[in-house]
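Listed here are the chains, written in short residue letters.
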There are 2 protein chains.
Amino acid sequence: MRRPKSDDELVFLPLGGAGEIGMNLNAYGYGPPDARQWIIVDIGVTFGREDATPGVELILPDPGYLEGEQENILGIVLTHAHEDHIGALAWLWPRLKAPVYATPFTAALVREKLREQNLLEKVPLTVLPLKGKLDLGPFDIEYITLTHSIPEPNGLAIRTPLGLVWHTGDWKIDPDPLIGDLTDEAALRAMADEGVLAMVCDSTNVFVEGVSGSEADVREKLTKVIAGCTGRVAVTAFASNVARVETALLAARACGRTPVLVGRSMHRIYAAAKGVGLLAEAPTPLAEEDVGAMEPSKVLYLCTGSQGEPRAALSRIARGEHRHVKLTNGDTVVFSSRVIPGNEAAIHALYNMFIDRGVDLITADDHPVHVSGHPARDELRQMYSWARPRIAVPVHGEQRHIREHVKLARELQVPEAIGPNNGDLVRLAPGPAAIIDEVPSGRLFVDGNVVIETEDEAFRDRRRLAAEGAVHVALAVSAKNAIMAGPNVTVRGLAMADEEELDIALNDLERTAQAAFSKLSHGERDDDEAVEAALVRAVRKAAERLWRKRPLVDVSVLRL
Amino acid sequence: MRRPKSDDELVFLPLGGAGEIGMNLNAYGYGPPDARQWIIVDIGVTFGREDATPGVELILPDPGYLEGEQENILGIVLTHAHEDHIGALAWLWPRLKAPVYATPFTAALVREKLREQNLLEKVPLTVLPLKGKLDLGPFDIEYITLTHSIPEPNGLAIRTPLGLVWHTGDWKIDPDPLIGDLTDEAALRAMADEGVLAMVCDSTNVFVEGVSGSEADVREKLTKVIAGCTGRVAVTAFASNVARVETALLAARACGRTPVLVGRSMHRIYAAAKGVGLLAEAPTPLAEEDVGAMEPSKVLYLCTGSQGEPRAALSRIARGEHRHVKLTNGDTVVFSSRVIPGNEAAIHALYNMFIDRGVDLITADDHPVHVSGHPARDELRQMYSWARPRIAVPVHGEQRHIREHVKLARELQVPEAIGPNNGDLVRLAPGPAAIIDEVPSGRLFVDGNVVIETEDEAFRDRRRLAAEGAVHVALAVSAKNAIMAGPNVTVRGLAMADEEELDIALNDLERTAQAAFSKLSHGERDDDEAVEAALVRAVRKAAERLWRKRPLVDVSVLRL
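### As for the overall build of chain A
Right, so step 1: When its secondary structure is counted, chain A shows 16 helices and 28 strands.
Right, so step 2: Its C-alpha atoms give chain A principal-axis dimensions of roughly 85 × 75 × 45 Å.
Right, so step 3: Sorting the 560 residues of chain A into buried and exposed places 55% on the buried side.
Right, so step 4: Nonlocal contacts in chain A, meaning residues at least 24 apart in sequence, comprise 71% of its contacts between residues at least 6 apart.

### Remarks on the interface of chain B and chain A
Right, so step 1: In this assembly, 57 residues from chain B lie in contact with 57 residues from chain A.
Right, so step 2: Of all the elements in the fold, those that place two or more residues in the side of chain B that touches chain A are α10 (344–356), α12 (399–411), β25 (450–453), α13 (457–468), β26 (470–477), β27 (483–492) and β28 (552–559) of chain B.
Right, so step 3: Considering every element that reaches the side of chain B that touches chain A, the biggest residue donor is α13 of chain B, with nine residues.
Right, so step 4: Partitioned by chemical class, the residues of the side of chain B that touches chain A number 26 nonpolar, 14 polar and 17 charged.

### Description of the domain arrangement of chain A
Right, so step 1: Looking at the assigned domains, one finds that chain A contains domain 1 (9–210 + 372–453), domain 2 (215–362) and domain 3 (469–559).
Right, so step 2: Look at where the C-alpha atoms of domain 2 of chain A and domain 3 of chain A centre, and you get two points 54 Å apart.

### Examining the relation of the copies chain B and chain A
Right, so step 1: Overlay of chain B on chain A (RMSD 0.0 Å): rotation 180°, translation along the axis 0.0 Å. The two molecules are tied by a two-fold rotation axis, judged by turn and shift.

### Concerning the sheet that holds strand β4 (residues 46–47) of chain B
All names here are of chain B.
Right, so step 1: In spatial order, the strands read β4-β5-β24-β25; together these four strands make up an open sheet with antiparallel pairing. In this open sheet, the two strands that pair with only one neighbour each are β4 and β25.
Right, so step 2: Here strand β5 (residues 56–61) runs beside strand β24 (residues 443–447); their pairing, made up of five bridges, is antiparallel. The residue of β24 that forms the bridge with Pro-61 is Arg-443.

### Side note on the nonpolar core
Right, so step 1: Counting 357 residues, the largest nonpolar core has Ile-40, Leu-302 and Leu-428 of chain A together with Ile-40, Leu-302 and Leu-428 of chain B as its most contacted members.
Right, so step 2: Non-local contacts of Leu-302 of chain B, meaning those with residues more than four positions away in its chain, are made with Val-235, Val-245, Ala-248, Pro-259, Val-260, Leu-261, Val-262, Met-266 and Pro-285 of chain B.

### Digging into the environment of Ala-513 of chain A
All names here are of chain A.
Right, so step 1: Its place among the elements puts Ala-513 in helix α14 (residues 499–518).
Right, so step 2: In this structure Ala-513 comes out as buried when scored by C-beta crowding, with 28 C-beta atoms within 10 Å.
Right, so step 3: Note: C-alpha distance between Ala-513 and Leu-475 (38 residues apart in sequence) is 9.3 Å.

### A short note on the sheet that holds strand β24 (residues 443–447) of chain A
Right, so step 1: Across the sheet, four strands lie side by side as β4-β5-β24-β25 (chain A); this open sheet has antiparallel pairing. Only two strands of the sheet have a single partner each, and these edge strands are β4 (46–47) and β25 (450–453) of chain A.

### Focus: helix α16 (residues 528–547) of chain B
Side chains three or four residues apart in an α-helix point the same way, a direct result of the helix having 3.6 residues per turn.
Residue and element names in this part refer to chain B.
Right, so step 1: If you check α16, its first and last C-alpha atoms are 27 Å apart, about what 20 residues at 1.5 Å a residue would give, namely 28 Å.
Right, so step 2: Within α16, the full set of buried residues consists of Val-531, Leu-535, Ala-538, Val-539, Ala-542, Ala-543, Leu-546 and Trp-547. Seen from one end, α16 has its buried residues packed into an arc of 145°, which puts them on one side. When the buried face of α16 is taken as reference, the exposed residues oriented beyond 90 degrees from it are Glu-529, Arg-537 and Arg-545.
Right, so step 3: The inward-facing, buried residues of α16 contact β26, α14 (499–518), α15 (522–525) and β28.
Right, so step 4: Of the residues trailing α16, Arg-548 is marked for its positive phi of about 55°.

### Concerning helix α11 (residues 377–387) of chain B
All names here are of chain B.
Right, so step 1: Among the residues of α11, those classed as buried are Glu-379, Leu-380, Met-383, Tyr-384 and Ala-387. With its buried residues spanning 140° around the axis, α11 presents them on a single face.
Right, so step 2: On its buried face, α11 sits against β12 (163–167), α5 (185–194), β13 (196–202), β20 (389–395) and α12.
Right, so step 3: Immediately downstream of α11, the backbone of Arg-388 shows phi near 45°, a positive value.

### Section: the pairing of β28 of chain B
Remark: a regular strand shows side chains that alternate across the two faces of the sheet.
Residues and elements named next belong to chain B.
Right, so step 1: Of all eight residues making up β28, seven are buried, and the element is well covered by its neighbours.
Right, so step 2: In terms of strand pairing, β26 meets β28 through eight bridges, oriented parallel. Looking across to β28, one finds that His-472 is bridged to Asp-554.

### Looking at the pairing of strand β17 (residues 299–303) of chain A
All names here are of chain A.
Right, so step 1: Across the five residues that make up β17, a large majority, five, are buried.
Right, so step 2: Here β17 shows no split at all, with Val-299, Tyr-301 and Cys-303 on one side and Leu-300 and Leu-302 on the other all buried.
Right, so step 3: With five bridges joining them, strand β15 (residues 258–262) and β17 adopt parallel strand pairing. Considered in β17, the bridge of Pro-259 is made with Leu-300.

### Quick look at unusual backbone geometry
Right, so step 1: Along the chain, Ala-429 of chain A connects to Pro-430 of chain A via a cis peptide bond; the corresponding omega equals 0°.
Right, so step 2: In this structure, Pro-430 of chain A sits in the loop between β22 (424–429) and β23 (434–438).
Right, so step 3: Along the chain, Gly-486 of chain B connects to Pro-487 of chain B via a cis peptide bond; the corresponding omega equals -5°.
Right, so step 4: At Lys-131 of chain A, a position not held by glycine, the phi torsion is positive, near 65°.
Right, so step 5: If you trace the backbone, Lys-131 of chain A turns up in the loop between β8 (125–127) and β9 (133–136).
Right, so step 6: Given 14 C-beta atoms within a 10 Å radius, Lys-131 of chain A is considered partly exposed.

The rules behind the values
- Sequence order sets the numbering: in each chain, residues are counted from 1 along the sequence as written.
- Each chain gets a letter, beginning with A, and each ligand a number, beginning with 1, in the order they are written.
- Given that the model is predicted, a residue must reach a pLDDT of at least 70 before its local features are reported, and side-chain atom pairs must reach 80 or more before they are shown or counted; all residues, however, enter totals for whole chains, interfaces and linings.
- The helix and strand labels rest on DSSP assignments: H or I over at least four residues marks a helix, E over at least two residues marks a strand, and numbering proceeds from the N terminus.
- A residue is called partly exposed when the number of other C-beta atoms within 10 Å of its own lies between 12 and 20, exposed at 12 or fewer, and buried at 20 or more, with C-beta atoms placed from the backbone.
- Our contact criterion uses C-beta atoms placed from the backbone: two residues qualify when those atoms are within 7 Å.
- Classes in brief: Ala, Val, Leu, Ile, Met, Phe, Trp, Tyr, Cys and Pro nonpolar; Asp, Glu, Lys and Arg charged; the others, Gly included, polar.
- An automatic or database domain assignment is the source of the domain bounds shown.
- Copy-to-copy alignment: least squares on C-alpha atoms, limited to residues at pLDDT 70 or above in both.
- Between any two strands, pairing holds if DSSP finds at least two bridges.
- For our purposes the nonpolar core covers buried Ala, Val, Leu, Ile, Met, Phe, Trp, Tyr and Cys residues that link as a set through C-beta atoms within 7 Å.
- The span one expects for a helix is its residue count, reduced by one, times 1.5 Å.
- By definition, the arc is the one covered by directions from the helix axis to the C-beta atoms.

If you want it as structure tokens, here you go:
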């Protein structure tokens, strides 16, 4: 490895994940301030919600700052295949255009995303083996095997001339992960002996005492719970937790049930897992459409939708709208999942719908049918004692998690701890760690087929339309500036007690528009913008009086 | 009391609250099935959310079934002044037109609502004393004093010729409620000796083991916590919890701080409490605008907005947008409140904003600075052992709470337990309790100044506008059915990567509309509806191709 030059710096720049759980985008820069080279670690999404971000299903970190550094980005290195780590790649790659590196299972899922966006031929994707190494300019990167809730979770030991950064990615310490190797403790200890400058670490469960528990425990408990069920059983879990999927498939066999996959992502992940040689011992599940009539006691559905997502399989089943799966009195739904904060209301609504159908519920509240994939406090303590970093840099958390993690690191006597926000440029070396700059950061929305800023007028208009409704005024004006037809008023989203009152209101608005036009001078009537502005003002005021709302008002002046 | 006739029945009908926590509307009917007389107990709202119900701040129970029974409604009897028990009165009273009964504090807040809706002169409102009695036809009603998180919480002993119903309203067993009397155990025991046919009971905290705790404990802990603060302190709590407000005022005095009320409902409730003689011993708070510059260590703000409501005082302070209150490094916010399910995301966002400002947070997660106003399981057990009802009827809960409460009642050997949904007509006597009918029930939205059905087209359109946007097409057509101007297309809520692409898209839509018009026969061109339908179809299809969205499309045909 080359020796550092006198003005070299090693910096860390989170553009996503330092302020939320989800939507990770981490960058490391090396070199003098005016000529840094960069690697990007992970590039994930967070999910929009029909209510909070209507029309927007995916939210991306804004890579704006790195777009300006495009030629200096040496690579995009992916730790694992969760959507909050890889989901933005296909959307943002055209702005970054760097080669991509991933292990086999991650690469399989990435390829699928690239194919959907017609990018498969364009993006250079290198598949690395587990424990593989990768040299990108000043960054010598080593994949270190960890455990998590998806196959092939990796941390990255990033060696630079100014020191080694241990980037954990998402992890836990699962003593029996069922799929994949144990945490590579030997590699961690060796790395620590070499000296760890900084550890950039998962903060998700920093408020949880103790340890997260093992997939093996879930296997035992879930099998027992299912054995006690008499009617149909539906297990919901994240599809990407292949160990959990395997558990459900094996539990089905143990209980004399035929497993059935329900939901697109179950099929997608099942195929990806099979593609890398996983699930070889598990019974082959049926697809939902192939099931037909089966004894209730002989079937086990494995469903997506544990978070109450309205269009996912489980919500459709709860509403009685699923084409192939019906659950009723005496059947059981097992939530082998946690409640992700923010989804409480949707999940409770799901519970209530099932209860209304007489369906029994088994959740992680009462039964040990789920473990988290992120480290609880004892696991964090263990990792700090393995890695012994000079600097703790908590990420993958809201501000409250990151602050708590900084506190924990200080209790553990880590010499320095720094809790960044998205956009904070953190100097890791030389000298004490410090936030030396703040670069623009934020979110982007995938809106239909275009990526927009969150402040895009179109999105702001939709928020306003949702609450206030819309009014449109159309009128045809002669060359002599007389109204020849109209004003015609149409409204959307504005309610009246009945049709008659609505007609009265529309007439009122039409008279208002007419009167506003009449008040204009001849010169103003010649000017579309002046006509529009006057009519918008008058009609909006009338609408406020009629509805106590402030609708968006548009005017079409048709010139004859 | 008169003797029951052979065909008399006593029925219970929840139209709100049996399926949600909030929005209570309970009715009791007595008489033969074709000539029942009714009383309504409570008539509350639930709150809309900007994201889930845009433009709708209040949600009401649909009293549709009772509207048909208007002449047979003997009274609307209110148990206490929480919004989910009284908030719908002013909106729904014109549909029910029955006299209203309440104790003094509740009546004070009701009067204010009636005044706002110009109903004060119309609604007959009778103020009853605590422990008062009220005879309404076959219903002899006795107010029994309980404890809760608001002054004057009452249960109702409703005596009828077919038996006594114990309607708890909202309650807990607070051994030291600070304001108001203790739970009137003597009255409960006397009632039980008389024989309780049915107990209609609060289910909110049926999943919580143990007891809810006392306001007196909170007073001690909150005072201690505030004594430990050095900078500015803001305490957020529900304004209606007057004991808690008093605690904050007294804690301010004990800690040498001047209390300052922030937020409209703090002032409103403070005035109502003073009006009935409460808060006499507490220091008089300042209003936020009268504070001016004060030593940080000398001020205690008492704020609304503990649930992260975006327009409440606390959210504005967190965003740095409050005119009078600024919090910064070294200041502390004390959440003397719980996280109401569904508000997690909003409240966590609030935490994160404060943390970002360096403000310390003290919440009920770490410090005993809040107790619930609803009974935990040990209190439920105590109430069942006091009342010894023949029938348990859990209400004030989602289906999951109600089902759990039914289970608890059965464990306690209550002979019958029945968990109703909104709209279930429950026969309490004679014979075994049973759901004998299902009447229409549902929700209404207060939308601007009109009360609408949740399925109102205007609201559905707004949801669609929020996700999909709007397109408007205007064209002027001559008597000979030629287009003389337009088609002009305007869009709202539809984004393109840049202005140029948007212009291209608008031109595309205009050509599409033009082409669709050209394809019509002369006869069709004469018919506005045919023109509109054809253009809507064509333009929507083009918009789907351009944006991958399905906007609402409207067409204005101006006839010259």
